[in-house]
Structure formats: structure tokens, C-alpha cells
Amino acid sequence: METIKNALDFSDSPRIDLTIAGLVALFLLVFPIFPHSAFAMATMIQFLMFSLYGMGWNTIGGYGGQVDLGKAQYVGIGAYTTAVMLIRWDVPFWISMPIGMCFAVIWSFIIGYPLFRLKGHYFAIATIATTLVLKDIFEVWDFVGAARGLEISPIKYIPPDFLRLIFKQDVYYYYVILGFFFLGILYVNWFRRSRLGFQLRSIKDNEDVAQSLGINVHWAKVKTYAIATAFVSLVGSFHACYIKNIEPEDTMSLDLSILIALMAMLGGAGSLWGPIIGAGILIPCKSYLKEWLGAQVGLVGIDLIIYAGIIMVISAFEPRGIWGIVEKVRRRKRS
Amino acid sequence: MALLEIHGLIKDFGGLRANDDISITMERGELVGLIGPNGAGKTTLFNCVSGLHPVTSGRVMFDGQDITDLKAHEVARLGLARTFQVYVASGDLNVEENVMVGCFMRTRSPSRARARANEILKDLNLHDVSEFRVSELTVAAQKRVTMATALGSDPKLLLLDEVAAGLNPSEIEEIMADIRHVHEDMGVTVMLIEHVMELVMKVSDRVIVLDSGKKIAEGDPETIVEDPRVIKAYLGERYVREHGGDIG
Ligand SMILES: Nc1ncnc2c1ncn2[C@@H]1O[C@H](COP(=O)(O)OP(=O)(O)OP(=O)(O)O)[C@@H](O)[C@H]1O
Ligand SMILES: [Mg+2]
């Protein structure tokens, strides 16, 4: 009971934030009613997906301060579990998604348990390495289609199929992921003020002090890593049904891992709204850039240069991202 | 049964023996001062007792249980809390939330943790600053917040590492009152490391002196200040020879 109350309690956010959040939520709810291009719809769905990736990353990477550059491996596990189960055994999304989540969480324990003995940069590098290994395995594993990947053929189903999440119109996908988006916000809102949320912030500040306050630092990190993983795997499962064509290259790539971390960091690691702000800025940029670049041969890869630029700007000026700047300005006004 | 028993504790850092065969017994309800020159091994002893450093040899018993090989968080959960000599919470938690982290050791519920944190903040007269970030406070208030955080876990034994360092006389008075309050009213057994002699001598029931990793003296404050070994440790060999050791 207290859990539900706390998840719905946003009273520590200033009224202006809540007003803006309310307006954005209203816009998201009614957006499909207005005339829009297929491109705009696809961009919105990407925005919601990446917001959820970012929210997941933010638990361990933001609140916990453990820079995780390997989130894509769990996108892959979610996506592949759902795709394989649907194609081979006709298992609906609502069953394969939690199963994928379990696989991803189990894998996150296997990886997280030893990796969290490492600190700082070593941890970040190790998360990259494990993703590369998993991707290599999937690229040669015939059961999951090896490097060709898997394709969910929509002809076999009669859309709209709400059980299998097979739709003709994107608007259905939009509302499904929007539902997860709102639930994700409520979860993080609860999480940040839960015991684990507080413990993580203490760990981020100073691990010796955290231990002396009775916190099992290693276990708290492993647990939170599993929570982050569950978020990411859920969106991966959704990705399989939405894109219908998955390959190791696009579900488990280093690019994806970095984009997830970058977005949360740009918006504000360790804040409730940060990952959403980050996704809201970067995803439209990315989509338009990609479309524009389609016609400009010779500029491929410029998006990576832009990301690198953003990373440098964040680390040089404000490690707490855009939200960090907002809070700084507010504190200056108050004092 | 004593609350804390340290038997022959040795701690080596490579070739350096930071704690050399230290034995200390503390009864429930005592307030013990731990003094010694810089580098004597006081903080190291706290680190060993609280489980942050593995000991080289020796045993530590707490509340009837052997805690020598327990991890720091396990020791804390048994009721042994501590503060740190040079730590200021710099993260994004405010004062109240910092204290709540301590309280979360005994409860899962955020509202119960918040309620307990506020009780402690009131007790230590920190209620006015509960919304501030720790880094925005004076050094004195920061030190009291670290004490409040440690108290959040409702400890049986509290180890304080130089909470009065860098404070002015009126702030020292204040923190002295806090320590007495914690000891007498809250019933917490306290061991405190301190360079501010005035404070140690006033509040301690008993004083233990470390020098170069060894325990060189132990007794009530009045006898300790006259102990030639202690004077020698603080002022050096020559001073004692020239003055015959009688500076009380
Ligand atoms: N982690 C460590 N690694 C190596 N040497 C250490 C470590 N911690 C402490 N030492 C050394 O152990 C000795 C005792 O240090 P300690 O910090 O315990 O002294 P202290 O009595 O607390 O001194 P101070 O009054 O200055 O705080 C010093 O020589 C110190 O350099
Ligand atoms: Mg010290």
C-alpha cells in the first residue's frame, strides 16, 4: 500500500515541473489523434523506447553511479526470446516478455556478480566486453538465425493481434509502449525513494561509508543491475514485435549500448526526468539526421562524431547533464 | 560480559605495523577516549574493528560474538556504528536523506526511516538544516550530521573519529553536549578519537593512548595527563628529560 502511494507521490517536484510533465503527458496521450506522418510516429515510438532504456540505465548508472556500457546485450536477450518463442512455438508477447526478462535477469546475475568486484573504468570496459561476446555467440548460433537474424512474418497473424503484439498500424504500438512508459516513470519514482534507491546514492557517494551504514554494497549493485536489465529486456521484447526483423547487429551493438548511456547522461544521470529529456533531444536529432544523411553520401558516421562531441561537453561542463544545469540555476535563485 | 573486546590486534600495511598487539575491553555504557599523536594508528584501529580492513592477527569480540572476519556491513548490522575522519557527504542527498540512509538499516519503509531521521535531527538540534545539502553546511554541522547518520542505525556502540577537529571553542562545546546526550540519554556506548584534549578529558570515563601502533597507557583522564609515557609520546624524549616529566 505504501508502495503504491509512494509511486504516485511526486510532491517533492516543484509545481512548474509537474505542470510541464502533465502537459507533456497530455500531448503524448493525444498525439496520434492529430494528423502526423509515419516518420513522426516512428520517431515518437523510438523516443518512448529509448526513454525506457534510459530509465533502466539510470537506476544503476545514474543513482548507483556505475557506468554501464553493456545494456544492449539485454535488449538482445529480450528481443530474441520473444522472437524465437513466437516464431517457433507461437508464444504470445505477454508470456515471452516476462520469460525474456527472467533470462536477462539471470544473465545479469551471472555477469554482474563478478563484474561488480571491479571498479570504475574496469567495470565499464567489462560490460562492453561481455556484450561483444554475447553478440558473437548469437552471430554463429543457428537456432536463433545466426547473423541473418530472425524475421517475424506478419502474414501468419490477423492484426490487430493484442496477444502477440502484431499490428498493422503503428498507433497500436505507440499506445502499448506509452503504457510501459508511464509505468516506468511510476516505478522509478518509487525506486528513487525506496531503501535500495537511498542505499545506491550512498554507495555512489562513498562506498566505505555506505558499508559502515550496514549496506551490502556488492549485493545492492547486483540487485539494481538486475532491475535495469528487466527494463531494457522488456523494451527489447517490444522491439522484436514492433520491428519484426532482428539481427545481432542492431539489437546488441556497441552503438546501442552507448546511445542508451549517453541519452541518460545528457538528460541528467540520477534524476527522475533526465533520461526522458535526453531521449527527447537525441532521438529526434538522430532520426532526422539519419533521414537527411540518406541523401548525403560521404557523411555517414557523422552521428557518431556528434555523440562523441556530446560526451565531451557533458564531462567537461556538467557531469549531471541538462537536469544538473536546471538544478544549479534553481539553487542559485534560492540562495 | 563486555560489549567490545579487542585481543592482541595486529595490523600490517606491507612492512608498516600500524596496530601492534592492541588489547582493549569496553563495558556497556562507557565513554572511552582514544588519543595519540598523528599516525599512531587510531583510525586504523577503527577500520579494523568496524570490518573495513582485514586484521593481520588478533580477535575482535562484539556483544558476545566474534566479528573479526565479518564484513563491514555485517558488523554495522550487529550495532556497531562509526563516523569517518575526513568524509563529507557530497552526493545529491540532503541532510534528512543522509540520516535516512542510516535509518534504513533497521527498516524497509521510507516513511518510518524519515520519521526516525527527524527524531534524531531534532535530538541533535539539526532540524533547521534538514533540507540543506551537507556540503552547504559549516564544518561543525557536517560533523554532527555524520554523527546523526551513524545514530540512524540505533547502534549499541558508536566510534567517533575526530568529530571536533577544526571546530572553534563554541562549536566544540556544542558537539560535546551532543556526545554527552548520545551517551547519557540515548544510552549508546562511545569510543572517540580526538586531538582536542579539552574535550577528551572532559567527557571520557577512561582514556587509552596509542603511539606508533602500540597501546602505551590506559586510565582515567587525570592520571593519563600525568603519565610520563604519554607526555613523552606527545612532546618527545628531550622535553621529558629536560623537564623531569612533571607537567600536569
Ligand atoms: N590504507 C593504508 N595503507 C597503508 N598505510 C596506511 C593505511 N592507512 C593508514 N596507514 C598508515 O598507518 C599508520 C597509522 O595511520 P592512522 O591513520 O591509523 O593514524 P591516526 O592515529 O589515525 O593518525 P591521525 O591522528 O593523523 O588521524 C600511518 O603511518 C599511516 O600512514
Ligand atoms: Mg586518524
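Fair warning: this is a prediction, and the values are worked out from it, not measured in the lab. (Residues numbered from 1 in each chain as written. Chains lettered and ligands numbered in written order. Predicted model: local features only at pLDDT ≥ 70, side-chain atom pairs only at ≥ 80, totals over all residues. Heavy atoms only, no water.)

1. Quick word on the coordination of the magnesium ion (ligand 2)
All names here are of chain B.
Then, in step 1: Donor atoms from the polypeptide that bind the magnesium ion (ligand 2) are Thr43 (OG1) and Gln85 (OE1), placed at 1.9 to 2.1 Å. Of this pair, Thr43 sits in helix 1 (residues 42–49) while Gln85 sits in the loop between strand 6 (80–82) and helix 3 (95–103); the two residues are 42 residues apart in sequence, bridging distant segments of the chain.
Then, in step 2: Relative accessible area serves as the criterion here: at 29%, Gln85 is assigned to the partly exposed category. (Donors = N, O, S within 2.8 Å, 3.2 Å for Na, K, Ca; no water. Helix = DSSP H or I, 4+ residues; strand = E, 2+ residues; numbered from the N terminus. Buried < 20%, exposed > 50% of the residue type's maximum accessible area, 1.4 Å probe, protein only.)

2. Side note on the site of ligand 1
Residue and element names in this part refer to chain B.
Then, in step 1: Taken together, 13 residues surround ligand 1, and among them Asn38, Lys42, Thr43, Thr44 and His195 come closest.
Then, in step 2: His195 places a side-chain nitrogen or oxygen 2.8 Å from an oxygen atom of ligand 1.
Then, in step 3: Here ligand 1 loses 63% of its free accessible area of 630 Å² to cover by the protein chains.
Then, in step 4: Put simply, the parts of the chain that give the shell around ligand 1 at least two residues each are strand 2 (16–26) and helix 1.
Then, in step 5: With three residues, helix 1 is the largest single contributor of residues to the shell around ligand 1.
Then, in step 6: Tallied by class, the residues present in the shell around ligand 1 amount to four nonpolar, seven polar and two charged. (Near = heavy atom within 4 Å. Polar contact = N/O pair within 3.5 Å; in protein donor to acceptor, adjacent residues only side chain to side chain. Areas by Shrake-Rupley, 256 points an atom, 1.4 Å probe, with all protein chains shown as cover. Nonpolar A, V, L, I, M, F, W, Y, C, P; charged D, E, K, R; others polar.)

3. Notes on the packing of helix 5 (residues 93–115) of chain A against helix 6 (residues 120–140) of chain A
All names here are of chain A.
Then, in step 1: Where helix 5 meets helix 6, the closest approach of the two axes is 11 Å, and the angle between their N-to-C directions is 145°. Helix 6 is crossed by helix 5, and the crossing has right-handed handedness. Residues Trp107, Ile111 and Leu115 of helix 5 pack against Phe123, Ala126, Thr127, Thr130 and Leu134 of helix 6.
Then, in step 2: Within the contact of helix 5 with helix 6, the residues separate by chemical class into six nonpolar, two polar and no charged. (Axes fitted to C-alpha atoms, helices over the stretch in contact; angles between N-to-C directions. Left-handed = near helix turned anticlockwise from the far one by under 90°. Contact = heavy atoms within 4.5 Å.)

4. Looking at the domain arrangement of chain B
Residue and element names in this part refer to chain B.
Then, in step 1: Domain annotation for chain B reports domain 1 (1–79 + 157–248) and domain 2 (86–154).
Then, in step 2: Residue-level contacts link 19 residues of domain 1 with 12 residues of domain 2.
Then, in step 3: Counting across the domain 1 and domain 2 interface gives two salt bridges.
Then, in step 4: When the shortest N-O distance is used, the salt bridge between Arg144 and Asp178 registers 2.8 Å.
Then, in step 5: Where domain 1 packs against domain 2, one counts four residue pairs in polar contact (both at pLDDT 80 or more).
Then, in step 6: With seven residues, helix 6 (residues 169–185) is the single largest residue contributor to the side of domain 1 that touches domain 2. (Domains from an automatic or database assignment. Salt bridge = Lys/Arg side-chain N within 4 Å of Asp/Glu carboxyl O.)

5. Let's talk about helix 4 (residues 72–89) of chain A
Then, in step 1: Taking 1.5 Å of rise per residue, 18 residues should cover 26 Å, and helix 4 of chain A covers 25 Å from first to last C-alpha, within 8% of that figure.
Then, in step 2: Of the residues one or two after helix 4 of chain A, Asp90 of chain A is the one with positive phi, at around 55°. (Expected span 1.5 Å × (residues − 1).)

6. A few points about the sheet that holds strand 7 (residues 157–161) of chain B
Residues and elements named next belong to chain B.
Then, in step 1: Pairing is mixed in the open sheet, where six strands are placed in the order 6-7-8-3-9-10. For this open sheet the edge positions go to strand 6 and strand 10 (214–219), each flanked by a neighbour on one side alone. Within the sheet, the average angular offset between the axes of one strand and its neighbour, ignoring direction, is 20°.
Then, in step 2: Where strand 7 meets strand 8 (residues 189–193), five bridges bridge the pair, whose relative direction is parallel. (Pairing = 2+ DSSP bridges.)

7. Describing the packing of helix 5 of chain A against helix 10 (residues 217–243) of chain A
Residue and element names in this part refer to chain A.
Then, in step 1: The interhelical angle for the contact between helix 5 and helix 10, taken along N-to-C directions, is 145°, at an axis separation of 8 Å. In the crossing of helix 5 with helix 10, the sense of the turn from one axis to the other is right-handed. Seen from helix 5, the contacting residues are Phe93, Met97, Gly100, Met101, Ala104, Val105, Ser108, Phe109, Ile111, Gly112 and Tyr113; seen from helix 10, they are His218, Trp219, Val222, Tyr225, Ala226, Thr229, Ala230, Ser233, Leu234, Ser237, Phe238 and Cys241.

8. Structural notes on the environment of Phe116 of chain A
All names here are of chain A.
Then, in step 1: The topology assignment puts Phe116 in the loop between helix 5 and helix 6.
Then, in step 2: Overall, the relative accessible area of 3% leaves Phe116 in the buried class.
Then, in step 3: In this structure, the C-alpha to C-alpha distance between Phe116 and Gln66, residues 50 residues apart in sequence, is 9.0 Å.
Then, in step 4: Every residue in contact with Phe116, bar those within four places of it in the chain, is listed here: Ile60, Gln66, Phe123, His218, Lys221, Val222 and Tyr225.

9. Some words on the layout of surface pockets
Then, in step 1: Space inside the largest pocket adds up to approximately 1100 Å³.
Then, in step 2: Lining the largest pocket are 33 residues, and of these Asp12, Arg192 and Glu327 of chain A together with Asn94 and Glu97 of chain B lie nearest its centre.
Then, in step 3: Of all the secondary structure elements, the ones that give two or more residues to the lining of the largest pocket are helix 1 (2–7) and helix 15 (321–334) of chain A together with helix 3 and helix 4 (110–123) of chain B.
Then, in step 4: Counting residues per element, the lining of the largest pocket draws most heavily on helix 15 of chain A, which supplies five residues.
Then, in step 5: When grouped by side-chain class, the residues that make up the lining of the largest pocket number six nonpolar, seven polar and 20 charged.
Then, in step 6: By volume, the second largest pocket is sized at about 930 Å³. (1 Å grid on protein atoms, 1.4 Å probe; cavity = no way out; pocket = protein on both sides within 12 Å on 5 of 7 lines; lining within 4 Å. Points joined across faces, edges and corners; volume = space filled by probe spheres on them.)

10. Digging into the packing of aromatic side chains
Residue and element names in this part refer to chain A.
Then, in step 1: One pass over the full model with this rule turns up 31 aromatic pairs over all chains.
Then, in step 2: Ring centres 4.9 Å apart and planes at 80° place the aromatic pair Phe39 and Tyr288 in the edge-to-face group. In this pair, Phe39 is assigned in helix 3 (residues 38–63) and Tyr288 in helix 13 (residues 274–294), connecting sequence segments 249 residues apart.
Then, in step 3: On the basis of relative accessibility, which here comes to 25%, the residue Phe39 falls in the partly exposed class.
Then, in step 4: The interplanar angle of 80° and the centroid separation of 5.9 Å between the aromatic rings of Tyr173 and Phe238 together place this pair among those described as edge-to-face. Placement of the pair is Tyr173 in helix 7 (residues 170–192) and Phe238 in helix 10, with a sequence separation of 65 residues.
Then, in step 5: Residue class for Tyr173 comes out buried when judged on its relative accessible area of 1%.
Then, in step 6: Classification of Phe238 by relative accessible area gives buried; the value is 0%. (Phe/Tyr/Trp six-rings, centres within 6.5 Å; stacked < 30°, edge-to-face > 60°.)

11. Description of the nonpolar core
Then, in step 1: Counting residues in hydrophobic clusters, the biggest one holds 151 residues, and the most contacted among them are Ile45, Phe50, Tyr53, Tyr174 and Phe238 of chain A together with Leu192 and Leu199 of chain B.
Then, in step 2: Examining the composition of this core, we find that 14 residues originate from one element, helix 10 of chain A, more than from any other.
Then, in step 3: Counting only domains with at least three residues in this core, you end up with domain 1 (1–79 + 157–248) and domain 2 (86–154) of chain B.
Then, in step 4: Among all residues touching Leu199 of chain B, those that are not within four sequence positions of it are Ala164, Ile172, Ile175, Met176, Ile179, Leu192 and Glu194 of chain B.
Then, in step 5: Of all hydrophobic cores here, the second largest spans 26 residues; its members include Val32, Phe46, Val55 and Phe62 of chain B. (Core = buried A, V, L, I, M, F, W, Y, C linked by side-chain atoms within 4.5 Å.)

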